[in-house]
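Reading the structure
Here is what each chain is made of, one letter per residue.
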Amino acid sequence: MSDHVVPHFHNDAGVPVIEIGSQEFMCVGANPPFDHPHVFLDLGNDNEIICPYCSTLYRFAADLKAGEARPPECVLKDKVA
């Protein structure tokens, strides 16, 4: 089993951009029970990606640690993949 936990982010606040410190992550749209299918997103060599379900724009921010987000309330708490 892997020691790698995939961070999960949501956009309950409806912000236009969520900056994140992770290259690979899950978007859940909104907090459950109003979430969309949890989709795995991988930035690869890009700095931005749009969730195909909720159209949230995620942007990589090198100054953030893995699993952190700006705004910080967009991190889904108590979620283990």
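The following refers to the structure shown. (Residues numbered from 1 in each chain as written. Predicted model: local features only at pLDDT ≥ 70, side-chain atom pairs only at ≥ 80, totals over all residues. Heavy atoms only, no water.)

1. Some thoughts on the pairing of strand 3 (residues 24-27)
Short version of the rule: Two strands qualify as a pair provided DSSP detects at least 2 bridges between them. Each helix is a run of H or I in the DSSP string that is no shorter than four residues. Each strand is a run of E no shorter than two, and both are numbered from the N terminus.
Pairing between strand 1 (residues 8-9) and strand 3: two bridges, direction parallel. By the bridge assignment for strand 3, His8 is matched with Met26. Bridging between strand 3 and strand 4 (residues 39-42) involves four bridges; their strand directions are antiparallel. Paired with Met26 across the bridge in strand 4 is Phe40.

2. Examining the sheet that holds strand 2 (residues 17-20)
Overall, mixed pairing links the four strands, which are arranged 5-6-2-7 in an open sheet. Unpaired on one side and paired on the other, strand 5 (48-50) and strand 7 (69-70) mark the two borders of the sheet. Note: strand 5 against strand 6 (residues 57-60), three bridges, orientation antiparallel. Residue pairing in the sheet places Glu48 in a bridge with Arg59 of strand 6.

3. Considerations on the packing of aromatic side chains
Quick reminder of the rule: Working definition: a ring pair exists when centres of Phe, Tyr or Trp rings (six-membered ring for Trp) sit within 6.5 Å. Plane angles under 30 degrees give stacked, over 60 give edge-to-face, the rest tilted. Remark: exposure states derive from per-residue accessible area (1.4 Å probe, protein chains only) relative to the maximum for the residue type, with buried under 20%, exposed over 50%, and partly exposed in between.
Scanning the model with the defined rule gives three aromatic pairs in all. With 5.7 Å between their ring centres and 70 degrees between their planes, Phe9 and Phe25 make a pair best called edge-to-face. Residue Phe9 is located in strand 1, and its partner Phe25 is located in strand 3; the two are separated by 16 residues in the primary sequence. Both residues of the pair, Phe9 and Phe25, belong to the buried class. Arranged with centres 6.3 Å apart and planes meeting at 45 degrees, the rings of Phe9 and Tyr58 form a pair that is tilted.

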